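# Examining the three-dimensional arrangement
One letter stands for each residue in the lines below.
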Amino acid sequence: MSAVAERLRPLTGHRLFWPALVLVIMILANTIYRPGFLSIEVKNGNLYGTPVDILRLSAPLMLVALGMTLVIATGGIDLSVGSLCAISGAIACVVISQAPDPNSLSTVFTALALAFGAALVLGAWNGVLVAVIGIQPIIATLILMVAGRGLAQLLTEGQIVTINSAPYRAIGLGHFLTLPLAIFIALAAALLVAALTRRTALGLIVESVGGNAEASRLAGIRSSRIIFLVYVVSAACAAIAGFMITANVSSADGNAAGLWVELDAILAVVIGGTSLAGGRFSLSGTILGALIIQTLTTTVYAMDISPQTSLLFKAVVVIAVCLIQAPAFRAKFNRRRRSPRPRPAAAPREKEEVAA
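Since this is a predicted model, take the numbers as computed values, not measurements.

Conventions used here
Residues numbered from 1 in each chain as written. Predicted model: local features only at pLDDT ≥ 70, side-chain atom pairs only at ≥ 80, totals over all residues. Heavy atoms only, no water. Helix = DSSP H or I, 4+ residues; strand = E, 2+ residues; numbered from the N terminus. Buried < 20%, exposed > 50% of the residue type's maximum accessible area, 1.4 Å probe, protein only. Contact = heavy atoms within 4.5 Å. Areas by Shrake-Rupley, 256 points an atom, 1.4 Å probe, with all protein chains shown as cover. Pairing = 2+ DSSP bridges. Salt bridge = Lys/Arg side-chain N within 4 Å of Asp/Glu carboxyl O. Phe/Tyr/Trp six-rings, centres within 6.5 Å; stacked < 30°, edge-to-face > 60°. Expected span 1.5 Å × (residues − 1). Core = buried A, V, L, I, M, F, W, Y, C linked by side-chain atoms within 4.5 Å.

Helices and strands together make up the secondary structure of the protein chain, namely 16 helices and 6 strands. By residue count, 43% of the 356 residues in the protein chain fall in the buried class. Partitioning the intrachain contacts of the protein chain with sequence separation of at least 6 by distance along the chain shows that 76% fall at a separation of at least 24. Total accessible area on the protein chain stands at roughly 18,800 Å², and carbon and sulfur atoms take up 67% of it.

With that out of the way, let us pick up helix α12 (residues 261-271). Taken together, the buried positions of α12 are occupied by Val261, Glu262, Ala265, Ile266, Ala268, Val269 and Ile271. Gly273 lies just past α12 and shows a positive phi near 100°.

This part takes up the environment of Val209. Mapped onto the secondary structure, Val209 falls in helix α9 (residues 202-211). Taking the relative accessible area as the measure of exposure, Val209 reaches 2% and is therefore buried. In the structure, Val209 is positioned 135 residues away from Thr74 in sequence and 5.6 Å away in space, judged by C-alpha atoms. Those residues within four positions of Val209 in sequence are excluded, and the remaining contacts are Thr74, Ser216, Ile221, Ser223, Ile226 and Ile227.

Our next topic: the pairing of strand β1 (residues 40-43). Bridge count between β1 and strand β2 (residues 46-49): 4 bridges; the pairing is antiparallel. What sits directly across from Glu41, in β2, is Tyr48. Where β1 hands over to β2, the hairpin turn is made up of 2 residues, of which Asn44 adopts a positive phi near 55°.

What follows is about the pattern of salt bridges. Within this structure, the stated rule accounts for 2 salt bridges. Residue Arg198 pairs with Glu207 through a salt bridge whose shortest N-O separation is 3.3 Å. Accessibility expressed as a relative area gives 42% for Arg198, which makes it partly exposed. What makes Glu207 buried here is its relative accessible area of 11%.

Under the defined criterion, the tally for this structure stands at 1 aromatic pair. Measuring from centroid to centroid gives 5.3 Å for Phe176 and Phe184, while their planes differ by 85°, and the two rings are edge-to-face. Of the residues examined, Phe184 reaches a relative accessible area of 26% and is grouped as partly exposed.

For the rest of this paragraph, the subject is helix α5 (residues 105-133). Here α5 is 29 residues long and its end C-alpha atoms lie 40 Å apart, about the 42 Å a rise of 1.5 Å per residue gives. A positive phi of about 90° marks Gly134, the residue just after α5.

Let us now look at the nonpolar core. Within the largest apolar cluster, 79 residues are counted, with the highest numbers of intra-cluster contacts made by Val64, Met68, Tyr168, Ile171 and Phe243. With 12 residues, helix α3 (residues 50-73) is the single largest residue contributor to this core. Apart from the residues lying within four places of it in its own chain, the contact partners of Tyr168 are Gly89, Ala92, Cys93, Ile96, Val108, Leu112, Ile163, Gly242, Phe243, Thr246 and Ala247.

Backbone geometry at Asn44 places phi at a positive 55°, although glycine is not the residue there. Following the sequence through the fold, Asn44 ends up in the loop between β1 and β2. A residue is classified by how much of its surface remains accessible, and Asn44, at 80% relative accessible area, is exposed. The backbone of Glu157 shows a phi angle near 55°, a positive value even though the residue is not glycine. Position of Glu157 relative to the elements: it lies in the loop between α6 (137-155) and β3 (161-162).

Have a look at this one:
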């Protein structure tokens with residue numbers, strides 16, 4: 001048994017092994033509970049099914065979590081991504097709703113450009129507060145988290161702005177090569193971020209800033225610029241996620257769009273193995289964490305768990321995943337399991353007989 005454990009140690013020691021195992025277990029549990037869970041069918045030339053829905057619905061969370069990964073890698077946090085989703089979606093829907101032809105591509109591109117530009121400005125605002133002024137990231141982004149939600153409701157005048165635009169709706173519900181377009185958008189963003197951080201020195205610089213910003217500064221790295229940049233990237237990812245969220249329902253709700261997505265993004269990053277203390281990060285782990293979160297949400301809905309207890313169920317599973325993949329917890333658990341039980345002391349008569 002020990003020989004098998006030694007052979008599997010390189011596999012079980014990989015930081016993505018335990019999240020991947022949890023995802024596989026969840027898929028198996030869903031398959032047992034619902035035999036048709038993995039079934040995929042073709043309708044009108046496109047693929048439909050629960051696995052496809054999980055990928056499509058997890059795309060906005062993947063985008064937000066990618067930006068959050070870079071922010072957390074620098075030792076920061078961005079609590080404003082949910083509000084940025086609401087703001088970008090609100091601006092896009094308001095512009096399209098007031099246009100004479102909502103189905104015009106020029107109208108949709110103009111709306112997307114205005115919303116994306118506004119998100120970049122707000123991301124730069126977060127970057128200035130954290131990198132230039134020196135406000136703690138949780139406080140700086142909490143300001144926009146609260147004020148941004150109010151700004152989104154101000155843009156929509158407290159109403160749900162509905163639109164009827166086929167090009168905009170395609171962002172969330174359209175298909176490309178038989179799969180939802182949202183999957184390709186999230187995949188393209190992931191590949192772009194991976195290329196910038198793993199094929200250039202940018203990723204190493206981000207990790208060095210998160211590990212020790214002062215030492216990085218003394219080494220010649222302009223830490224403030226890197227910190228400013230990651231908050232802008234986080235806002236850009238949140239803006240695209242906001243387009244997907246509002247396109248799924250063809251409407252913008254300043255109060256509900258992107259609500260609590262920042263917490264799911266943080267959970268996805270942590271499940272993926274990135275430390276909240278900053279330093280090394282894992283983009284593939286973040287994507288895997290987003291899939292776990294969305295699969296868990298789908299599982300909760302499929303099992304008819306009441307909304308009052310679904311969040312508790314979700315929290316318990318996430319805590320279990322984090323504990324399982326924590327090296328310190330696994331080492332302590334294995335130490336307790338392998339520690340030999342103390343043998344009872346021999347009675348005095350038994351000692352005399354042994355001596356004789």
